[in-house]
Each structure stands twice: as C-alpha cells, then as structure tokens.
Amino acid sequence: MNSNQLQHQVLYMRRSLFDQGYLDSEQLIQLEDLQDDANPNFVEEVVSLFYSDSARLIQNIEQTLSNRPVDFSRLDDILHQFKGSCSSIGAKKVKDACSQFREYCNAGNAEGCSRSFQLIKQEYETLRRRLESYFQMVKQAKAA
Amino acid sequence: MKAPEKEILGTKMNHRHRPKITALVVDDNMVVRAIHHRLLQDLGIENQVAVNGKEAVDVHSSGQYFDLILMDMDMPVMNGIEATRKLRAMGIRSTIAGISSRSLEREKQEFMEAGLDDYHEKPLTADKIVSILHKISNHSG
C-alpha cells in the first residue's frame, strides 16, 4: 500500500474502533493529545501498561471465582480496579462487561459472574488484537 | 487541550513569576497514575506519584509540600478520605482534589467533608485539571 492508502486504512480502523463501541473516541483523543516529540508512543505505552496490569487482575478474578465460598466483596474490589483501568483508556466494551459482572456480584450470583467473566475475557482479547493491528498500521503509515 | 491553550495557561499560572506548580498524584491504579502524571507534565506541572493514602501522608511527613494533590478515593492501606483527613489534621493547606469513579452523592459528600477543595469524576481530563488549577491561582491570588 502507498502512503495515502495506509493513511486511509488507519482512519478506517480508527473509525471502526469507535463505531463498533470498542473505544471511546474522546478518551483516545485525550491520550493522543499527550503525545509529543518526547513522548511519541504514549498511547501505545499506556495500552501496554493496561494489558500487563489487567493480566494480574484477570488472574485474581479467576482465582477468586474458583474459591468456595465465592468472595463477592473481593471480586467487586477487583472489578472496581479493572473498570477504572478500562475507563482510563476508553475500553468501552470491556468496561461494560465489567459493569455486568459487578451486577451479578452484587446479586451474589456466581454463575452469572462466571458467564460475564467469559465475556470480559472475550472483549479484552478482541480489543487487544484490534489495537495491535491499529498501532502496527499507524507505524507503517508514519514510515511510508 | 491544544498548544495555544497550554501556553495561555502557562502565562496565567506564572503571571507573577512564581515558581512552577507542584503536584502529587495519589492512586493505586498504575494505568491511572501514568496518565495523570503525563497530563500534569504536559501542563508544565512537576509531579510525583504515591500508590496509596499512606504513602501520600508519609511523603508529607518527610517535609515535602505540593501545591496540588490529586487524591483517589478507593485505595488499599489508607483510602483517600482517611488520607485527606490526616493531611488536613497535619496542617497541610494544599489544594486537594478528589478524583474518583464513585458517583453516589453521599460518597462524594463524605469525601468532600474530609477536606477536599474540589471533586471530579474519572476519567480526569486536561480541562478538569485546568479548572482545578484555577482554584489554586484564585486561592493565592
């Protein structure tokens, strides 16, 4: 692809992330505003931080869900953290899945929690793949 | 916030040639800390981070002072409400802004009553920080 085509592809991928509800456009723009010559990859760095920190939270959720009796209060604490991180990077679908999980938590519904946890993991991985592709395309477009 | 707005802000904040504004970011979430640190840095505000309320109190006990403290509510070891009360009891008069994802009015009220000067819901934005900073300049103005 030539430079123009790459730029179009970047815009298309970006628009899709917003239109399909994966990312909050305002939050992404806020983070992009923080990029400059001294911090050219800030968005990608923050996303990377999100994924490494969230891996730990997901592990904690797995462990807490597998304990009997289920400690719903602990689960709610972990989800509060996770939701906070999602908000920071504008990860809308993951955040919504976390909200759904918390509702089941508040109702003491372990099965509901397990089901919504599967959704959280699904949305989390989908977003990761989409963002990896997006950042790769942005780099290619810059280099062209 | 675009470059011209940042420049206007810088001029306004330093119109009496005061030293740079300093800030402390208090949050247990490392993603949030990284973003708030960068937001402040981008506005020309020197800042440090603390991972919970106890660390925030300890850093003040060691004699450090900050013009602005961005205080999260929910943190392990010592939460934002307790940390704010302790800092005020220590005589710390910095501008303390509570930054939280909690939206219930009574939770916000409890946090304010601990001694906050301002409160904002997450996510924090450059515009929200600017509105907090205007409070600092008004207090000392």
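Residues numbered from 1 in each chain as written. Chains lettered and ligands numbered in written order. Predicted model: local features only at pLDDT ≥ 70, side-chain atom pairs only at ≥ 80, totals over all residues. Heavy atoms only, no water.

As annotated in an unreviewed UniProt entry, chain B is Response regulatory domain-containing protein from Citrus clementina.

An unreviewed UniProt entry annotates chain A as Histidine-containing phosphotransfer protein originating from Citrus unshiu. What UniProt records for chain A under Function (unreviewed entry) is the sentence "Functions as a two-component phosphorelay mediators between cytokinin sensor histidine kinases and response regulators (B-type ARRs). Plays an important role in propagating cytokinin signal transduction." (UniProt positions renumbered as here; feature names shortened; annotations may be inferred.)

S.K.: Is there a simple way to explain the UniProt feature "modified residue: 4-aspartylphosphate" (unreviewed entry) in chain B in this structure?
M.R.: Residues and elements named next belong to chain B. According to UniProt, the positions carrying the feature "modified residue: 4-aspartylphosphate" (unreviewed entry) are Asp72. Note that Asp72 resides in strand S3 (residues 68-72). Beyond its immediate sequence surroundings of up to four residues, Asp72 is in contact with Val26, Asp27, Asp28, Gly80, Ile99, Ser100, Phe111 and Lys122. (Helix = DSSP H or I, 4+ residues; strand = E, 2+ residues; numbered from the N terminus. Contact = heavy atoms within 4.5 Å.)

S.K.: In this structure, what is going on with the packing of helix H3 (residues 42-66) of chain A against helix H2 (residues 30-42) of chain B? I would like to understand it.
M.R.: The angle between the axes and the distance between the axes are what describe a pair of packed helices. Interhelical geometry of H3(A) versus H2(B) gives an angle of 160° and a closest axis separation of 9 Å. As summarised for this structure, H3(A) and H2(B) are arranged roughly antiparallel, according to the angle between their axes. Judged by the sense of rotation from one axis to the other, the crossing of H3(A) with H2(B) is right-handed. Seen from H3(A), the contacting residues are A:Phe42, A:Val46, A:Leu49, A:Phe50 and A:Asp53; seen from H2(B), they are B:Met30, B:Val31, B:Ala34, B:Ile35 and B:Arg38. Of the residues in the contact of H3(A) with H2(B), the class split is 8 nonpolar, no polar and 2 charged. (Axes fitted to C-alpha atoms, helices over the stretch in contact; angles between N-to-C directions. Parallel < 35°, antiparallel > 145°, perpendicular 65-115°, else oblique. Left-handed = near helix turned anticlockwise from the far one by under 90°. Nonpolar A, V, L, I, M, F, W, Y, C, P; charged D, E, K, R; others polar.)

S.K.: Explain the confidence of the model for chain B to me, please; I cannot follow it from the model alone.
M.R.: Parts of the model with low pLDDT should not have their predicted coordinates read in detail. Residues and elements named next belong to chain B. When pLDDT is averaged across chain B, the result is 87; 83% of the residues are at 70 or more. Confidence scores differ between elements of chain B, with helix H1 (residues 3-13) showing the lowest mean pLDDT of 49 and helix H3 (residues 53-61) the highest of 98. Here residues 10-16 scores under 50 on pLDDT; set against residues more than four positions off or in separate chains, the count is 9 contacts. The complex prediction reports pTM at 0.88, with the ipTM value standing at 0.90. (pLDDT = per-residue confidence, 0-100.)

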